[in-house]
Structure formats: structure tokens, C-alpha cells
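A look at the structure
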Amino acid sequence: MTVKAWGAHAADQPIVALDIQRRAPGPHDVQIEIAYCGICHSDLHTVRSEWPGTLYPCVPGHEIVGHVSAVGGEVTGFKVGDTVGVGCMVGSCQHCAACEEGLEQYCEQGMVGTYNGPTADAPGHTLGGYSQRIVVDEKFVLRVRHPHDQLAAVAPLLCAGITTYSPLRHWNVGPGKKVGIVGIGGLGHMGIKIAHAMGARVVAFTTSESKRQEAHALGADDVVISRDAEQMKAQRNSFDFILDTVAASHDLDAFTSLLKRDGTLCLVGVPEHAHPSPSVANLIFKRRAIAGSLIGGIKETQEMLDFCAEHGIVANIEMVRADQIETAYERMLKSDVKYRFVIDAATM
């Protein structure tokens with residue numbers, strides 16, 4: 001079937017309207033009419049070949065919310081009319097140790113990304129959510145339980161939400177824990193909301209005094225200006241866990257020194273240039289750790305969506321039309337959005 005979409009034909013060309021082909025639903029497939037698709041920094045980096053391996057035409061988008069319009073004959077978990085989501089992956093090998101543990105994001109054969117991943121469908125790689133419709137194996141479709149009027153703001157949960165929820169969950173964030181969130185952007189604002197809902201004491205780190213009030217409004221108990229040496233010194237040896245969402249090279253020692261013994265600094269932002277090498281002594285003498293985390297598996301992503309629905313958590317968004325995607329990209333590069341852009345698929 002022919003579907004309207006927006007994508008790029010080359011790294012040096014803009015996002016434009018184009019027609020793409022979607023397969024007819026197979027026995028285990030769910031066909032989804034897309035209502036909203038979030039815009040992620042990953043989309044921009046991939047479209048412009050700032051990350052290696054981009055295949056063209058490239059149709060980005062892995063923060064998808066929509067409604068089921070058809071199901072294959074053997075689908076049991078979804079029916080026409082259901083409100084559903086699709087996140088960063090649409091396939092995995094399903095038989096390696098990671099997949100068997102419900103950690104498809106760490107598939108040993110490589111997960112299949114919602115866009116730019118290998119597929120038998122034309123043109124040979126997956127095409128994402130900047131489109132009217134998508135067809136996905138039911139194993140990678142998620143149920144959305146938020147109210148209808150929140151669906152646009154649910155879309156970024158499929159990437160920003162699970163990227164922050166997964167490490168917070170893995171390191172047992174909750175009551176009695178002091179947790180830091182570094183950066184108050186597309187990822188960081190979700191980290192603050194989720195950690196607060198988990199019952200932790202949440203401290204937001206920002207370089208800008210102007211963001212203090214915003215951080216408190218998001219759920220932070222305290223705000224620390226990371227450029228203020230005295231404020232940072234006052235926080236030493238006090239954190240159980242710090243989630244670093246900043247996607248720019250910076251000094252990790254400034255934050256590892258704030259951890260208690262056995263505390264962990266977890267990185268989820270991918271910088272263009274490597275971070276300066278951290279001090280080994282800073283880790284050894286308190287048995288501190290620096291770790292990283294990807295998204296979550298399908299089971300955990302569903303858990304995250306249900307948790308957010310229960311606690312009324314959605315992303316802070318700005319809606320854009322499909323013909324405004326390039327403008328949104330340029331504004332993203334300037335951090336001129338609070339805090340995520342979402343495309344109204346009705347404008348495709």
C-alpha cells in the first residue's frame with residue numbers, strides 16, 4: 001500500500017514529502033494509523049548522516065502513537081480501534097539470551113530499529129513514524145492507556161520516557177533514595193518526573209539559574225547550578241544514583257564525586273566527542289561506578305507506559321506540522337524547545 005510520509009533522500013537534502021510502500025498485514029502484524037510522532041535528536045543525527053550507516057530514503061520517527069486499523073489473522077493481543085504505540089524497535093532475533101530475558105534492546109544479533117533497520121520490505125530498510133501508517137509485528141506493539149487528550153504528549157514516552165525509566169528502574173530508585181538528574185531537556189525533564197513519581201528525593205542539575213523554577217515545577221525537590229563550585233561541593237558523597245542525560249562532552253568527575261559509596265553515575269546521552277577520561281581514584285576509593293543504559297525491552301516499555309498512565313505523566317511538548325520538521329530540527333540544535341516536538345500526523 002502507498003502511504004504519505006516525510007523523509008530525506010540524502011544527508012545534504014531537507015526533509016520532504018514523499019510516498020512510501022507499506023506491506024499488507026501478515027498473520028502476526030498490526031496495522032496502525034499514526035496520530036502523532038515525536039521528534040528525537042536521533043532522527044536528526046540519522047537523517048543528516050551524523051551517525052554512520054544511514055540508508056536512504058530515510059523516514060525517521062520512533063515515538064509513535066496511533067490506532068489499530070487492521071490485524072493479521074493470528075493476532076490475539078490487539079483489535080481494530082485500540083490505542084497503541086511503537087517505540088525504537090520493531091524486531092529482534094527472539095532467541096538469544098537477551099531476547100529471552102525480555103531485553104530485546106540488547107539483542108545479540110542486533111535489534112531492528114523502527115527506521116534504518118534491516119527488513120525484507122521495500123526499500124530494504126525500515127521506514128519510521130514520520131508517516132500516515134505503519135505495520136508492525138504484534139510483539140513490538142504497545143498498549144496506550146492514557147486519556148485521548150494526552151496522546152500527543154504520550155508519543156515521546158516511547159523514547160525519552162523509556163530511556164530514563166529503564167535505568168531508574170534497574171538501579172532501584174524509590175523512597176529513601178537521593179537521585180540526581182543532570183540536564184533539564186528532552187530526556188532530563190522526563191527523568192525528573194519519573195524519579196519523583198517513584199518516590200525518590202530528586203535533585204536537578206543545570207548550568208542555568210533560569211531553569212530553577214522549571215525544575216521545581218517538574219518535580220525536583222532541589223536544584224543545583226552545576227557551574228557553582230560551592231553548590232556542587234555541598235552535595236558531595238550524598239547521592240545513591242545520578243542519571244546524566246547530557247549529550248555533550250563534559251567532566252564526569254564533577255558528578256562521580258557526589259556519589260555515596262557504591263553509588264552509580266549512569267550515562268544516557270551520547271556526546272559527539274568523548275568525555276574527558278574520569279579519575280580512577282575517584283571511583284576506587286568509594287567503589288563508585290560509571291554505567292550506561294539504552295532504552296528498555298518491550299515488557300519494560302509497557303510497564304513504563306502503564307506507570308506513566310497511573311501517575312499522569314506525559315512529556316512537555318510543542319506540536320508541529322509535517323512541513324515544519326526542518327524548522328524543528330534547527331530549533332532543537334539551539335535547545336529552543338520545551339521539551340519535545342511532536343508531529344501531528346494529520347498534516348502528513
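Use the structure listed above.
Summarised in this report is the structure supplied together with it.

Here is what the cut-offs are and how they apply
- Residues numbered from 1 in each chain as written.
- Predicted model: local features only at pLDDT ≥ 70, side-chain atom pairs only at ≥ 80, totals over all residues.
- Heavy atoms only, no water.
- Helix = DSSP H or I, 4+ residues; strand = E, 2+ residues; numbered from the N terminus.
- Rg over C-alpha atoms; globule rule 2.2 N^0.38 Å.
- Buried < 20%, exposed > 50% of the residue type's maximum accessible area, 1.4 Å probe, protein only.
- Contact = heavy atoms within 4.5 Å.
- Pairing = 2+ DSSP bridges.
- Axes fitted to C-alpha atoms, helices over the stretch in contact; angles between N-to-C directions.
- Core = buried A, V, L, I, M, F, W, Y, C linked by side-chain atoms within 4.5 Å.
- Patch = residues over 30% accessible without salt bridge, like charges linked within 9 Å, V, L, I, M, F, W, Y side chains within 5 Å.
- Areas by Shrake-Rupley, 256 points an atom, 1.4 Å probe, with all protein chains shown as cover.
- Salt bridge = Lys/Arg side-chain N within 4 Å of Asp/Glu carboxyl O.
- Phe/Tyr/Trp six-rings, centres within 6.5 Å; stacked < 30°, edge-to-face > 60°.
- Lys NZ or Arg CZ within 6 Å of the ring centre and 35° of its normal.

Here's the deal with the overall build of the protein
- Across its full length, the protein holds eleven helices and 17 strands.
- On C-alpha atoms alone, the protein measures out to a radius of gyration of 20 Å, which is about the 20 Å that the 2.2 N^0.38 rule sets for 348 residues.
- In terms of its C-alpha atoms, the protein occupies a principal-axis envelope of roughly 60 × 40 × 40 Å.
- Taking all 348 residues of the protein together, 53% fall into the buried category.
- Counting only contacts in the protein whose residues sit at least 6 apart along the sequence, the fraction spanning at least 24 positions is 66%.

A closer look at the side chain of Thr-256
- With respect to the helices and strands, Thr-256 occurs in helix H8 (residues 253–256).
- Not counting residues within four places of it along the chain, the set of residues in contact with Thr-256 comprises Leu-265, Asn-282, Leu-283, Arg-288 and Ile-290.

Remarks on the sheet that holds strand S15 (residues 289–292)
- The strand order across the open sheet formed by six strands is S12-S11-S10-S13-S14-S15, and the pairing between neighbours is parallel. Strands with a single pairing partner mark the edges of an open sheet, and in this sheet they are strand S12 (222–225) and S15. Across the sheet, the mean angle separating the axes of adjacent strands is 20° when strand polarity is ignored.
- The pairing of strand S10 (residues 178–182) with strand S13 (residues 239–244) spans four bridges and is parallel. Directly across from Gly-180, in S13, lies its bridge partner Ile-242.
- Against the sheet, helix H4 (residues 160–170) engages S10, S13 and strand S14 (259–267), with an angle of about 160° to S13.

With respect to helix H5 (residues 188–197)
- Along H5, eight of the ten residues are buried, which leaves the element largely enclosed by surrounding structure.
- Three or more residues of H5 are buried, namely Gly-188, His-189, Met-190, Gly-191, Ile-192, Lys-193, Ile-194 and Ala-195.
- Its buried side turned inward, H5 meets H4, S10, strand S11 (201–206), helix H6 (212–218), helix H10 (298–311) and strand S17 (340–344).
- Gly-199 occupies a position one or two residues after H5 and carries a positive phi of about 100°.

Some remarks on the nonpolar core
- Ranked by internal contacts, the top residues of the largest apolar core, which has 92 residues, are Ile-39, Tyr-130, Leu-168 and Tyr-329.
- Ignoring any residue separated from it by four or fewer positions in sequence, one finds Ile-39 in contact with Glu-63, Tyr-130, Val-320, Ile-325, Ala-328, Tyr-329, Met-332, Arg-340, Phe-341 and Ile-343.
- Within the second largest apolar cluster, 13 residues are counted, among which are Phe-239, Leu-252, Phe-255 and Leu-258.

So, a nonpolar patch on the surface
- A cluster of nonpolar side chains, contributed by Val-280, Ile-284 and Phe-285, occupies part of the molecular surface with about 370 Å² of accessible area.
- The residue Ile-284 is located in helix H9 (residues 280–284) in this model.

Comments concerning the pattern of salt bridges
- All told, the structure shown has 20 salt bridges when counted by the stated rule.
- Here Arg-133 and Glu-33 are joined by a salt bridge, their closest N and O atoms 2.6 Å apart. Of this pair, Arg-133 sits in strand S8 (residues 133–137) while Glu-33 is found in strand S3 (residues 29–39), placing the two residues 100 residues apart along the sequence.
- Overlapping salt bridges, with partners in common, bring together Arg-23, Asp-29 and Asp-121 in one network.

Considering the packing of aromatic side chains
- With the rule as written, the count across this model stands at four aromatic pairs.
- For the pair Trp-171 and Phe-241, a centre-to-centre distance of 5.4 Å together with 25° between the ring planes defines the contact as stacked. With a gap of 70 residues between them, Trp-171 in the loop between H4 and S10 and Phe-241 in strand S13 connect regions that are remote in the sequence.
- Residue Trp-171 is classed as partly exposed on the basis of its relative accessible area, which comes to 25%.
- Residue classification places Phe-241 among the buried positions, given a relative accessible area of 2%.
- Taken together, a centroid distance of 5.5 Å and an interplanar angle of 50° make the contact between Phe-205 and Phe-239 tilted. You can see Phe-205 sitting in strand S11 and its partner Phe-239 sitting in strand S13, a full 34 residues away along the chain.
- Accessibility expressed as a relative area gives 1% for Phe-205, which makes it buried.
- On the basis of relative accessibility, which here comes to 0%, the residue Phe-239 falls in the buried class.
- It is Lys-178 that lies over the ring of Phe-239; its NZ or CZ is 4.4 Å from the centre.

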